[in-house]
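Residues per chain, in single letters:
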Amino acid sequence: MKKTIFAAAAALAALPVPAHADTIVLAGGCFWGMEGVFEHVKGVTNVTSGYAGGSAKDATYDAVSTERTGHAEAIRVTFDSSKISLGEVLNVYFVVAHDPTQKNGQYPDEGPSYRSAIFPQTAAQRSFAEAYINALNAKPTYRGKIATRIESGSFFAAEAYHQDFMRRNPTHPYIQRWDVTKVRKLKATFPTLYRTW
């Protein structure tokens, strides 16, 4: 699978990506694990947990948990594009951070707020992400079609207690059960991108 992902990324290398495409919003299940993975990626300068796809008035954990707001739990990833490319960011997202074939959920969490979605911040990012997904679907690697959606919408930072959750709560039962393995997978799959805290 990894080789196919790398091949898809290489094929997309010629696509125009803006020099300052240094922020992208990604959704893929509980934001605790997504944030924890990307905080371990070299070249990533900041990760913020939050909500994307809905309105400002509904951007709270209690509201989003009702599954009626249109929001997805998401992370805003800021990265130094001179150290890590958008393609590499998407490699981590698709291979490590979540399962892109799951629709409206990431086991054990279910519902549209846990959907797989990319919220591009520029038109060039949107084109790149669309081409990336098309390349994956053209040469299937996963057990199922890519469910990741390309969406639009504003990002709203989550409550303070959600920020840096894995770093601050490394022994939390949810983190230990579902997210520690993702960080280990990052280190094993992309050793040159991995960094410790």
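So, here's what we can say about the structure. (Residues numbered from 1 in each chain as written. Predicted model: local features only at pLDDT ≥ 70, side-chain atom pairs only at ≥ 80, totals over all residues. Heavy atoms only, no water.)

1. What about the packing of aromatic side chains?
Phase 1 of the analysis: Overall, the coordinates contain six aromatic pairs when judged by the stated rule.
Phase 2 of the analysis: Between phenylalanine 31 and tyrosine 51 the ring centres are 5.7 Å apart and the planes differ by 55°, which places this aromatic pair in the tilted class. One end of the pair, phenylalanine 31, is in helix α2 (residues 31-38); the other, tyrosine 51, is in strand β2 (residues 44-52), with 20 residues separating them in the sequence. Of the two residues examined, phenylalanine 31 and tyrosine 51, each falls in the buried class.
Phase 3 of the analysis: In this structure, arginine 177 packs its charged tip against the face of tryptophan 178, placed 3.9 Å from the ring centre. (Phe/Tyr/Trp six-rings, centres within 6.5 Å; stacked < 30°, edge-to-face > 60°. Helix = DSSP H or I, 4+ residues; strand = E, 2+ residues; numbered from the N terminus. Buried < 20%, exposed > 50% of the residue type's maximum accessible area, 1.4 Å probe, protein only. Lys NZ or Arg CZ within 6 Å of the ring centre and 35° of its normal.)

2. Concerning the layout of surface pockets
Phase 1 of the analysis: What the largest pocket holds in volume is close to 360 Å³.
Phase 2 of the analysis: Lining the largest pocket we find 25 residues, and of these Val96, His98, Asp99, Gln106 and Lys182 sit closest to its centre.
Phase 3 of the analysis: At the level of secondary structure, the elements contributing two or more residues to the lining of the largest pocket comprise α4 (86-97) and α7 (173-189).
Phase 4 of the analysis: Counting residues per element, the lining of the largest pocket draws most heavily on α7, which supplies six residues.
Phase 5 of the analysis: Classifying every residue of the lining of the largest pocket by side-chain character gives 12 nonpolar, seven polar and six charged. (1 Å grid on protein atoms, 1.4 Å probe; cavity = no way out; pocket = protein on both sides within 12 Å on 5 of 7 lines; lining within 4 Å. Points joined across faces, edges and corners; volume = space filled by probe spheres on them. Nonpolar A, V, L, I, M, F, W, Y, C, P; charged D, E, K, R; others polar.)

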